[in-house]
Amino acid sequence: MLDPKLIRDNPDAIKQATRIKRVGSPELVDAWLASDESRRRAQTDADAVRAEQGKIGAQVGKLKGQLKGGTSEELEGLLRQAAQLKSKYEAMVAAQTAAEAQSNELMLQLPAIPDASWPVGKDDSENKVVRTWDNGAITPAPLGAERLSHIELGVKKNILDFDRGVKLAGSRSYVVRGDGALLYTAVLRFAQDTLAQRGYEPFVVPVVVTEQCMIGTGYFPAGRDQAYVTQDNTVLVGTSEVPLASFYQGEILDESALPRRMAALSTCFRREAGAAGKDTAGLYRVHQFDKVEQVIVHKADDAEHIALHEEIMANSEHILQQLGLPYRVVQNCTGDMGQGKWRMYDIETWMPSRNEGKGAYGETHSGSALRDFQARRLNLRYRKAGEKQPTFCYTLNNTAIACPRILIAILENCQTADGNVTVPAVLRGYMGEKELI
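Note that the structure is predicted; figures quoted are calculated from it, not measured.

Asks: Give a detailed account of the pattern of salt bridges, specifying residues and quantitative values.
Replies: In the structure shown here, the tally under the stated rule is 20 salt bridges. Asp9 is the partner of Lys5 in a salt bridge, and the nearest nitrogen-oxygen pair spans 2.7 Å. Of this pair, Lys5 and Asp9 are both found in helix H1 (residues 4-9), four residues apart, which corresponds to roughly one turn of the helix. The exposure class assigned to Asp9 is partly exposed, which follows from its relative accessible area of 46%.

Structure representation (structure tokens):
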């Protein structure tokens, strides 16, 4: 959510954000301004009537005291005026409420202004690569004739079962079993331990949340078609960012307690609506997965925001480097950034089977800096020392690791010439010191 004053003072900047982010439209900005003006006018009128009610009420009280239980034409006239003002006030409050509801509905569709230093572009084809990494032992290379895709390798090693996954749950489903299941959980536990060692408080959070949590974090209303909504109008989360960022919603934190670094492992659910025909085979695009997410809540300071954004990216890069997996970091251009983001990076890990076996980098992490966009929706604030008026917090989030997508990179990059898979050294302690699958 945006600062209303920002929209009133800089409507053209918001209109430009709708264009370069491809979120909302300039017409929505004009509609919000008109609705906001109606709301403010209705509030002013209601306040004026309320003040008049106060004056009439004082006169009625004084006159009743003088009449000592009796009546008079003047009193009856004042009571009629009071009744008329009450009806008028109720109508104005109703108009104000309707205008406020319309204003809020429009506000939820408007995008945040992106950082001016970030690349402008229409979609992910115009993202900017800022760095790449590989350890020399595993370099980005296509599958070649002798190497198998994660699908072929997983089935051959009896650690992935797609047919039975589909039988159990329908399309885009899978089963990970045996040593594959051990590898799956080892990756997640390694990421959890890494973040805990770096000062991130571990959480176990609900994966079924209220609709307000989804609105507050910016996933609703625009992303509603991607979510599983229950018959109770609760929602299965697509990331533990939602409960973590919502954890302090409606609260006023003490500045001395910030920043709050949090991390949670959760099962995640995404409908993948609109993805028909895309990545239908394998583990890349599935409905259910597990993810370790990192979220930071901190004070409203742009320099600190940038530093913490780089910190959460460094955490994820460290995890990938320890796994030995080649990756690259890209700045998401404005058209691939989403509604609430001020800055955004993706980390794309090398997956040899993509692009018909020629290999390609596939997105495995997404790290966002949102300034006060989520905090305003969540009414998440902090109080500076010596100040009475609270200030909205800033929030950030980033994937630490997500399974099973990262298994694509591990299985394909770490397979040996004899058809086995070398377990990354940092995971062996989680797998009974197993070195090969």
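More follows now that the structure is in view.
Asks: Residue-level account of the nonpolar core, with values.
Replies: Counting 58 residues, the largest nonpolar core has Tyr174, Leu183, Leu325, Ile401, Ile406, Ile410 and Leu427 as its most contacted members. Counting residues per element, this core draws most heavily on helix H7 (residues 179-197), at eight residues. Counting residues in each nonpolar core, the second largest holds 16 residues, with Val205, Leu258, Ala375 and Tyr382 among its members.

Asks: Hey, could you go over the sheet that holds strand S8 (residues 252-254) for me, with residue numbers and the actual values?
Replies: Taken in spatial order, the three strands line up as S8-S14-S15 in an open sheet, and their pairing is mixed. Sheet topology places S8 and strand S15 (391-392) at the edges, where each strand pairs with a single neighbour. As paired elements, S8 and strand S14 (residues 381-383) share three bridges and run parallel to each other. Pairing of Leu253 across the sheet is with Tyr382, part of S14.

Asks: So, the packing of aromatic side chains: which residues are in play, and what are the values?
Replies: Tallying each qualifying case throughout the model produces five aromatic pairs. Plain terms: the ring middles of Phe247 and Tyr248 are 4.9 Å apart, the flat faces sit at 85° to each other, and that makes the pair edge-to-face. We classify Phe247 as partly exposed; its relative accessible area is 42%. For Tyr248, a relative accessible area of 10% puts it in the buried group. The rings of Phe203, Phe247 and Tyr248 are connected pair by pair, giving a single aromatic cluster. We note Arg354 situated over the ring of Tyr284; from NZ or CZ to the ring centre the distance is 3.8 Å. One residue, Arg405, lies across the ring of Tyr284, its end atom 3.6 Å from the ring centre.

Asks: Please give an account of the pairing of strand S9 (residues 260-269) that cites residues and values.
Replies: As paired elements, strand S4 (residues 201-203) and S9 share three bridges and run parallel to each other. Within S9, the position partnered with Phe203 by the bridge is Ala264. In this structure, S9 lies alongside strand S10 (residues 288-298), joined through 10 bridges in antiparallel fashion. Residue pairing in the sheet places Thr267 in a bridge with Asp290 of S10.

Cut-offs applied
Residues numbered from 1 in each chain as written. Predicted model: local features only at pLDDT ≥ 70, side-chain atom pairs only at ≥ 80, totals over all residues. Heavy atoms only, no water. Salt bridge = Lys/Arg side-chain N within 4 Å of Asp/Glu carboxyl O. Helix = DSSP H or I, 4+ residues; strand = E, 2+ residues; numbered from the N terminus. Buried < 20%, exposed > 50% of the residue type's maximum accessible area, 1.4 Å probe, protein only. Core = buried A, V, L, I, M, F, W, Y, C linked by side-chain atoms within 4.5 Å. Pairing = 2+ DSSP bridges. Phe/Tyr/Trp six-rings, centres within 6.5 Å; stacked < 30°, edge-to-face > 60°. Lys NZ or Arg CZ within 6 Å of the ring centre and 35° of its normal.

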